[in-house]
Amino acid sequence: MEMVKMSAAVHYGETSCGTSTTPSLSWLPDSVLLEVLSFLSVRDLIRSCRVCKRWKRLILDKSLWRYVDLTPYKLNSKILWHLLRHWLGTSMQTLKLKGLLKSVKKQEFLTPAVLQVLEKRYLCLEYLHLQETNLRSVGYDCLPSTLKTLELSECEIPLTWFKTTGKTKDLLKLENLILNKVSSFSNQHLEIVCSQSSLKSLCLSGTYRINDIGVQKVVPYLKGLEHLKLNECNITDIALHLICCHLKHLKTLALIDFRYLTDAGLACLSGVKTLEKLWLDYCIGFSARSIVTVSVSLPVLNFLSLNGILFESQGIDEIQKSLPHCTVSNAFSSMDNVLKNT
């Protein structure tokens, strides 16, 4: 962090890249200076090009543009085109963008033309994060075929968004799908994308339209799934039973805030012998005894999260004693502590 402060000092003219009797960043070798520059934001990197020719040369280095986060900025189509053409190097692997869905100006910068540029120029792009973006005018089959991870947060999608028109084979590379508060995401969306991809991880948070019927239709496509997170989905013990019957290669499973799941559903987890990490946060329908019974039956389980669950008597102590080789977490938020002490 001290080096970053020195970088800011150089940027504001407190040091220079010329010869100086006082220590400055110009004394550092290129490899170290690149490490310093990696801590700067996109905006500061672009501004720092004005310091000197050496800095401009280093800032154009591919290593600084592999992971690009533009979510802190309000972008329009003009700015994004400028960045794509002049700054974002072809080695970019991760790109994060924030749309205008919650702003007064609803016009979106993400267009089929922009995605076409991403497809043709950025052949290393594997991770695309879109936040607060209206995707009604941008088709799913417009996304770069190099993507392995797609993350949508608070975005709008039409009913037929995941349907493709001839690029299905290219989209089979998608391995990870992460959705957060995409309220329009439905069982139909889930079935289409799962049938077209070979997913290794699936994270659904705030997708309340997903229910037991949706899970029943997609589990046959998810037999290679290793990581599954479900938060605030409308599923019951039936869906949990289906998950445990079909997904025999799960390494991590997160069930968050399912207050109506019961011990009957939890018992199904005993059949997933590959499970290493398990989150049952705020699943208040599970008893301590059932949690112990299931946990001890999982031979490679090394982490168990029970945050937000208040056990009677010495329930949590019994769980921890029964799992000596497993880290058990049982934390509470401030509001939970207030309720606990009343």
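Fair warning: this is a prediction, and the values are worked out from it, not measured in the lab.

> Looking at this structure, I do not really get the overall build of the protein. What am I missing?
Assigned secondary structure in the protein consists of 13 helices and 11 strands. For the protein, buried positions account for 47% of its 342 residues. Within the protein, counting contacts between residues at least 6 apart in sequence, those at least 24 apart form 69% of the total. When the accessible surface of the protein is totalled, it reaches about 17500 Å², and 54% of it is carbon and sulfur.

> What is the right way to look at the packing of helix α5 (residues 77-86) against helix α6 (residues 112-121) in this model?
Angle between the axes and distance between the axes are the two parameters that describe a pair of packed helices. Interhelical geometry of α5 versus α6 gives an angle of 10 degrees and a closest axis separation of 11 Å. One way to sum up the angle between α5 and α6 is to call them roughly parallel. Where α5 approaches α6, its residues L80, W81, L84 and R85 are matched on the opposing element by A113, V114, V117, L118 and R121. Tallied by class, the residues present in the contact of α5 with α6 amount to 7 nonpolar, no polar and 2 charged.

> Honestly, the state of the cysteines in this entry has me stumped. Any pointers?
On inspection of all chains with the given rule, the structure shows 0 disulfides. No disulfide involves C245; its sulfur sits 6.3 Å from that of C268, the nearest cysteine.

> I tried to follow helix α2 (residues 30-37) on my own but got confused; where do I start?
Quick reminder: α-helices carry 3.6 residues per turn. Residues three or four places apart thus point the same way. For α2, the set of buried residues is L33, L34, V36 and L37. Axial view of α2: buried residues confined to an arc of 155 degrees, hence all on one face.

> Before we go on, may I ask you to explain the side chain of N176 in this structure?
As for its position among the elements, N176 is in strand β5 (residues 176-180). A distance of 2.8 Å separates polar atoms of two side chains, one belonging to N176 and the other to T149. In this structure, N176 is in contact with K148, T149, L150, L199, K200 and S201, ignoring residues within four places of it in sequence.

Reading the values: rules and limits
- Residues numbered from 1 in each chain as written.
- Predicted model: local features only at pLDDT ≥ 70, side-chain atom pairs only at ≥ 80, totals over all residues.
- Heavy atoms only, no water.
- Helix = DSSP H or I, 4+ residues; strand = E, 2+ residues; numbered from the N terminus.
- Buried < 20%, exposed > 50% of the residue type's maximum accessible area, 1.4 Å probe, protein only.
- Contact = heavy atoms within 4.5 Å.
- Areas by Shrake-Rupley, 256 points an atom, 1.4 Å probe, with all protein chains shown as cover.
- Axes fitted to C-alpha atoms, helices over the stretch in contact; angles between N-to-C directions.
- Parallel < 35°, antiparallel > 145°, perpendicular 65-115°, else oblique.
- Nonpolar A, V, L, I, M, F, W, Y, C, P; charged D, E, K, R; others polar.
- Disulfide = S-S within 2.5 Å.
- Arc of directions from axis to C-beta.
- Polar contact = N/O pair within 3.5 Å; in protein donor to acceptor, adjacent residues only side chain to side chain.

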